[in-house]
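Given next are the chains, with one letter for each unit.
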Amino acid sequence: MLRAGTAVTCLACRSLLSPRMGLRVGVPVQKLHPLSRAIHHRYSNANTQRTPHRTAARHFTSLSRLPPRTYKYRYGGQGGHGYQQHRTFWAVRLAARLLKLRYVVLGSAVGGGYTAKKTYEDWKDSLPDLSEYSWVVPDFVWELSEQIDLDKLASAFPDLPDAEELAKLIPDLEKIGENFTFLKGLLSTETPTDAALKAPEAPVAAAATAATTAASAESAGSADKQYKKASDKEKIDQLQEELLRTQMKYQRMLERLEKENKDLRKVVLQKDDKGIHQRKVKKSLIDLYSEVLDILSDYDSNYNTQDHLPRVVVVGDQSAGKTSVLEMIAQARIFPRGSGEMMTRSPVKVTLSEGPHHVAMFKDSSREFDLTKEEDLAALRHEIELRMRKSVRDGQTVSTETISLSVKGPGIQRMVLVDLPGVISTVTAGMAADTKETIFSLSKAYMANPNAIILCIQDGSVDAERSIVTDLVSQMDPQGKRTIFVLTKVDLAEKNLSSPSRIQQIIEGKLFPMKALGYFAVVTGKGSSSESIDSIKDYEEDFFQASRLLRDGMLKAHQVTTKNLSLAVSDCFWKMVRESVEQQADAFKASRFNLETEWKNNYPRLRELDRNELFEKAKNEILDEVISLSQVTPKHWESILQKKLWERVSTHVIENIYLPAAQTMDSGTFNTTVDIKLKQWTDKQLPHKALEVAWETLQEEFARFMAEYKGKDTDDIFDKLKEAVKDESIKRHKWNERAMDSLRVIQHNALEDRSITDKPQWDAAIQFMEETLQSRLKDTESVITDMVGPDWKQRWMHWTNRTGDQHIRNETKNELERLLKLQEDHTAYLANDEVTTVRKNLEARGVEVDPVLIKDTWHQLYRRHFLQKALAHCNLCRRGFYYYQRHFVDSELECNDIVLFWRIQRMLAITANTLRQQLTNTEVRRLEKNVKEVLEDFGEDTEKKTQLITGRRVQLAEDLKKVREIQEKLEAFIEALHKEK
């Protein structure tokens, strides 16, 4: 039995029925289900009879459970009839209950089917997503089982002797495949429950039957489904665990393989590193030596420490074949060529060393030229030619600047050669007049090194008597202890000479007066620039094999071919190096000691900073000084700008605007004159003056900060550099072009304003005017004093007298002062009759006066008189703000000049504020940018740094740094040289 007021749902039609409403909201009674309609009528009748809630609740029973009823049966008489009536009533009631029961069954079937479908979907969603495993794992397993070669895999494991042990590590791939096939089928197969889920979509009668069957099947096989669900879940868990174990096993196998691979790579690298290390010792040895020579080429020997380190100096007559011999030794056509033209215009230092690849590289460049490629060879020759032409300056033909080049390749002998310009006998057109002497002095300088190996190149195709270089070599090395003679173009010499014995005399050293350690004969090709090194080698070998010079014994086998020459030169070079390098190291060690001693005595408290380090230090100081500009307060900027601007424009304002307007003695004329002149001044002069003042202020502040920084224990060695940076930065600075136009508008608007709003502004304008007029009055008094000379007090106390001109001016002054006393409101100019009157009065007293002198004296006197009156007027105008504020035009007190000075003062303040904004927001930053650019340009210019950072201290630090660097390089080279032995 339900409580009164409880709402129920009809299981047949899902209608929501309420004891109070008896009807679903918005559904007519005619469209209700019959069972719902009956309940509705019953509740309606009950409500009409106003049945209490307990009575309505007793009659409104649950349709799923009918409450039992008890009846009293009476026998006999009317009791039989009564029993029959009660029986008939019971049968009818039972039939009605059975009819109602079908709706209950139908509703239960539909609702149960829906509930079963929802439960199955929830269970299915709760299962893990195994779709990825359905295709990833089976394919992986079967492909792995097909692709793995157990024999190959076993060979990768040094610990496993055969494939059987490896197979034990691999799980049963077929079993894994079957399990995943089952899982895949389980996920894709439609279960009987899916068919039952389609029941709600059938008609009502068919749905009732199918639902009844499904309900019976579900009640009969619920235990079987639960068992199957549990077993499927267990299989899924087992498969997941097995998959994880398989992944872990393969992961361990991969880690093991990677570890063994790393160990094998380490062993291989260690084995190969020994050979690499040996090659690196050879390569780094010659590179270390070449670096020492590079440093020495820039070192100025000021301490009797000469550069006596060995190197091979290649000298010879022009077109004798020097470059060709050097290219044969380097095994590459690396030098530019020309027919009869001088191509070698500066010394070229070539460092030859052995390496796996045939490459070339400049000392100051990271680019490698592949000498096996014709494109790189052409680029290298072009670069060498450009560097030579760049090194030649001031109309010279030959340069002393050295070009450093390193060449590495297989089979190249280690040495350092210096190719010098060819010696000439005549200066031809296009050459500098001193070219011959320059080449001679350059060659002598290199050959003067007592440890230099002279490789003397002689052209065999020309007469020996025409040679110049042999005499030069004989002068530098008369004993021939470090000279190697090379005869080139032997093929042409054998062909052209009628007597081959002449070649034998040259090789034996009997034809020339010079002596040498060894004599060699070489052939450097047929004269074509397109020949390759390999073809030249083949041609040279073929020539000497077929030549009768060897066949007849005129030449020895070790004296021919460039290969034997390079071996001999390399041996001689390293012998000379081993004999002299330690002596050179000791010499530089002594030089270092001398430099350090001088530094300690002269600069004991200073660090040894070279020119580059000093420049960096100065650069940081300058940047700090520039940054300090941005820290200037706005108040400081505005006060400086306003003061300097008024100093620049005050004369124009007083002389050209105020005085001409004030001397008109009329208020209307004063204002008109002022407005016109202010407009002209603003349009033409004022913005330019303001920007000039701002730029000068910026320069002065920059210089002031530098001067203040200079006084803070800074080094005076930076003064020239800082001054140059400041001048160059200011020179590059350009003020913003749009600043003038915006400034003109701002100034014009400021001068147009005539409204003084309060008394403090009025008083400030009066004070500004008084200060200005007093300054002008003081200047005028000084001018008058100079004109008339000393007064009686100065004459008596200082024993000074007036000059004749001063006496005349003093008399003129006295006469003009009497005129001003008579006419205090006199105009600014004297009339002609007044000038005549003053002149006659002075002549009456015996003073001859020129009219021009009278007018000049009057101008100063009237100026003083007017300024005194203007100052007195300022005092009167202190109480004039009341009249100005109320626009009393008829007032006797007119203070238009106060308004003018207020306008000027306000214009100065606004202009200073605008200029300050331009400075702090734009111009200071642009100046900082200019300073940084100038410092970067100076930092890249070595000559500029040398000019700006000078002094004995700098040079001493530079020499000390270079000597230390040379000594360290030499010590490292000597250590490597000893290890190579």
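Residues numbered from 1 in each chain as written. Predicted model: local features only at pLDDT ≥ 70, side-chain atom pairs only at ≥ 80, totals over all residues. Heavy atoms only, no water.

Novice: How should the overall build of the protein be read in this particular structure?
Specialist: Secondary structure summary: the protein contains 33 helices and eleven strands in total. Considering the protein as a whole, with its 981 residues, one finds that 41% of them fall into the buried category. Once local pairs closer than 6 in sequence are excluded, the contacts in the protein between residues at least 24 apart make up 78%. Accessible surface, the protein as shown: approximately 56,400 Å² in total, 51% of it carbon and sulfur. (Helix = DSSP H or I, 4+ residues; strand = E, 2+ residues; numbered from the N terminus. Buried < 20%, exposed > 50% of the residue type's maximum accessible area, 1.4 Å probe, protein only. Contact = heavy atoms within 4.5 Å. Areas by Shrake-Rupley, 256 points an atom, 1.4 Å probe, with all protein chains shown as cover.)

Novice: Before we go on, may I ask you to explain the environment of T562 in this structure?
Specialist: Tracing the backbone shows T562 in helix α18 (residues 562-602). Sequence separation of T562 and E541 is 21 residues, and the distance between their C-alpha atoms is 9.8 Å.

Novice: Honestly, a nonpolar patch on the surface in this entry has me stumped. Any pointers?
Specialist: Taken together, the side chains of W792, W796 and M797 make up a nonpolar region of the molecular surface, amounting to roughly 480 Å² of accessible area. Mapping M797 onto the fold places it in helix α26 (residues 792-798). (Patch = residues over 30% accessible without salt bridge, like charges linked within 9 Å, V, L, I, M, F, W, Y side chains within 5 Å. Salt bridge = Lys/Arg side-chain N within 4 Å of Asp/Glu carboxyl O.)

Novice: Can you help me understand the pairing of strand β11 (residues 518-521) in this one?
Specialist: Moving residue by residue along a regular strand, the side chains alternate between the two faces of the sheet. Side-chain alternation along β11 places G518 and F520 on one buried face and Y519 and A521 on a second face that is also buried. In terms of strand pairing, strand β10 (residues 483-488) meets β11 through four bridges, oriented parallel. Each bridged residue has a counterpart across the sheet, and for I484 the counterpart in β11 is G518. (Pairing = 2+ DSSP bridges.)

Novice: Is there a simple way to explain unusual backbone geometry in this structure?
Specialist: Only a minority of non-glycine residues have a phi that is not negative, and only a minority of peptide bonds are not trans. A positive phi is found at Q331, a non-glycine position, where the angle reads about 65°. Phi at K489 is positive, roughly 55°, even though this residue is not glycine. Along the chain, the position of K489 falls in the loop between β10 and α14 (490-496). Overall, K489 belongs to the partly exposed group, its relative accessible area being 23%.

Novice: Hey, could you run me through a negative patch on the surface in this one?
Specialist: Side chains of E933, E936, E940, D941 and E943 sit close together on the surface and give a patch of like negative charge. When residues of the negative patch are assigned to their parent elements, the largest contribution, three residues, is made by helix α31 (residues 896-940). Looking at where D941 falls in the secondary structure, it is placed in the loop between α31 and α32 (942-948). Take D941: its relative accessible area is 34%, and that puts it in the partly exposed class. (Lys, Arg positive; Asp, Glu negative; His and termini not counted. Charge placed at Lys NZ, Arg CZ, Asp CG, Glu CD.)

Novice: Help me understand the state of the cysteines, please; the structure alone is not making it clear to me.
Specialist: In protein structure, a disulfide is the covalent linkage between the sulfur atoms of two cysteines. Taken as a whole and judged by the stated rule, the model has one disulfide. Note that C877 is cross-linked by a disulfide to C895, the S-S spacing being 2.2 Å. Taking the torsion about the S-S bond as the criterion, the C877 to C895 disulfide, at about -105°, is left-handed. With a gap of 18 residues between them, C877 in helix α29 (residues 851-877) and C895 in the loop between α30 (881-885) and α31 connect regions that are remote in the sequence. Under the relative-accessibility criterion, C877 is labelled buried at 0%. (Disulfide = S-S within 2.5 Å.)

Novice: Explain the sheet that holds strand β4 (residues 348-354) here, please?
Specialist: Sheet strands pair by backbone hydrogen bonding; their relative direction is either parallel or antiparallel. Read across the open sheet, the nine strands follow the order β6-β5-β7-β4-β8-β3-β9-β10-β11; overall the sheet is mixed. Both outer strands of the open sheet, β6 (369-370) and β11, are each paired with one neighbouring strand and no more. Strand direction decides the pairing type here: strand β3 (residues 312-316) and strand β8 (residues 415-419), joined by three bridges, are parallel. Bridging across to β8, V314 finds its partner in D419.

Novice: Mind showing me how you'd approach the packing of aromatic side chains here?
Specialist: One pair of aromatic rings is described through two measures. These are the centre distance and the angle between the planes. Tallied over the entire structure, the rule returns 16 aromatic pairs. With a centroid separation of 5.6 Å and 80° between ring planes, the pair formed by Y289 and F573 is classed as edge-to-face. Residue Y289 is located in helix α9 (residues 204-297), and its partner F573 is located in helix α18; the two are separated by 284 residues in the primary sequence. Comparing Y289 with F573, the two get one shared label, buried. Consider the rings of F768 and F901, whose centres lie 5.9 Å apart with planes at 70°: the pair is edge-to-face. (Phe/Tyr/Trp six-rings, centres within 6.5 Å; stacked < 30°, edge-to-face > 60°.)

Novice: Is there a simple way to explain the nonpolar core in this structure?
Specialist: One recurring pattern in soluble globular proteins: nonpolar side chains tend to sit buried together. In terms of nonpolar packing, the biggest core is built from 99 residues, with Y658, W681, L698, W762, I898, I904 and V931 touching the most fellow members. The leading source of residues in this core is α31, at 17 residues. When neighbours within four sequence positions are excluded, V931 is seen to be in contact with I622, L623, V626, F702, V725 and S729. In terms of nonpolar packing, the next biggest core, distinct from the first, is built from 67 residues, A332, A360, V522 and A585 among them. (Core = buried A, V, L, I, M, F, W, Y, C linked by side-chain atoms within 4.5 Å.)

Novice: Would you explain the pairing of β3 in this entry?
Specialist: Counted residue by residue, β3 has five buried out of five residues, so it is predominantly covered. Because side chains alternate across β3, one face comprises the buried residues V312, V314 and G316, and the other comprises V313 and V315, equally buried.

Novice: How should I be thinking about the pattern of salt bridges in this particular structure?
Specialist: Opposite charge on two side chains permits them to pair, given that their charged atoms come into close proximity. For the structure shown, the criterion picks out 45 salt bridges. The partner of E596 in a salt bridge is R964, with the nearest N and O atoms 3.1 Å apart. Note that E596 is positioned in helix α18 and R964 in helix α33 (residues 952-980), a separation of 368 residues in sequence. Residue E596 is classed as buried on the basis of its relative accessible area of 18%. By relative accessible area, R964 is classed as partly exposed at 22%.

Novice: What is the right way to read the packing of helix α27 (residues 804-822) against α29 from this model?
Specialist: Each pair of packed helices can be described by the angle between their axes along with the distance between the axes. Put simply, α27 and α29 touch, their axes get as near as 9 Å, and they point 55° apart. It follows from the interaxial angle that α27 and α29 lie oblique. For α27 against α29, the interelement crossing comes out right-handed. For the pair α27 and α29, contact is made by D805, I808, R809, T812, K813, L816, E817, L819 and L820 and by L853, I854, D856, T857, W858, L861, Y862, R864 and H865, respectively. For the contact of α27 with α29, the class distribution of residues is nine nonpolar, three polar and six charged. (Axes fitted to C-alpha atoms, helices over the stretch in contact; angles between N-to-C directions. Parallel < 35°, antiparallel > 145°, perpendicular 65-115°, else oblique. Left-handed = near helix turned anticlockwise from the far one by under 90°. Nonpolar A, V, L, I, M, F, W, Y, C, P; charged D, E, K, R; others polar.)

Novice: Looking at this model, I keep getting lost on α27. Mind explaining?
Specialist: Think of an α-helix as 3.6 residues a turn; residues three or four steps apart then line up on the same face. Relative to the 27 Å expected for 19 residues at 1.5 Å per residue, α27 spans 28 Å between its end C-alpha atoms, a close match to the ideal helical length. For α27, the set of buried residues is Q806, R809, N810, E811, T812, K813, E815, L816, L819 and L820. Its buried side turned inward, α27 meets α25 (759-788), α28 (832-844) and α29. (Expected span 1.5 Å × (residues − 1).)

Novice: Any chance you could explain the confidence of the model for the protein here in plain terms?
Specialist: Any region with low pLDDT has predicted coordinates that should not be read closely. Within the protein, residue pLDDT values average 75, and 70% of them lie at 70 or more. Predicted confidence is poor over residues 186-220, with pLDDT under 50, and the contacts of this stretch with residues over four places away or in other chains come to 23 contacts. Of the regions scoring below 50 in pLDDT, residues 272-283 engages in six contacts with residues more than four places distant in sequence or in other chains. (pLDDT = per-residue confidence, 0-100.)

Novice: Would you mind going over the side chain of T438 with me for this structure?
Specialist: Take T438: it is sitting in helix α12 (residues 435-447). A relative accessible area of 17% places T438 in the buried class. Polar contacts involving the side chain of T438 include one to the main-chain carbonyl oxygen of D434, which spans 2.7 Å. (Polar contact = N/O pair within 3.5 Å; in protein donor to acceptor, adjacent residues only side chain to side chain.)

Novice: Would you take a moment to explain the packing of α25 against α31 for this structure?
Specialist: Running from N to C, α25 and α31 cross one another at 95°; their axes reach a closest spacing of 8 Å. One finds that α25 runs roughly perpendicular with respect to α31. Here α25 contributes Q761, W762, A764, A765, I766, F768, M769 and T772 to the contact with α31, which in turn contributes D897, I898, V899, F901, W902, I904, Q905 and L908. By residue class, the composition of the contact of α25 with α31 is twelve nonpolar, three polar and one charged.

Novice: What is the right way to look at the environment of W792 in this model?
Specialist: Tracing the backbone through its elements, the reader meets W792 in helix α26. Sequence-wise, W792 and R802 are ten residues apart; in three dimensions their C-alpha atoms are separated by 9.9 Å.

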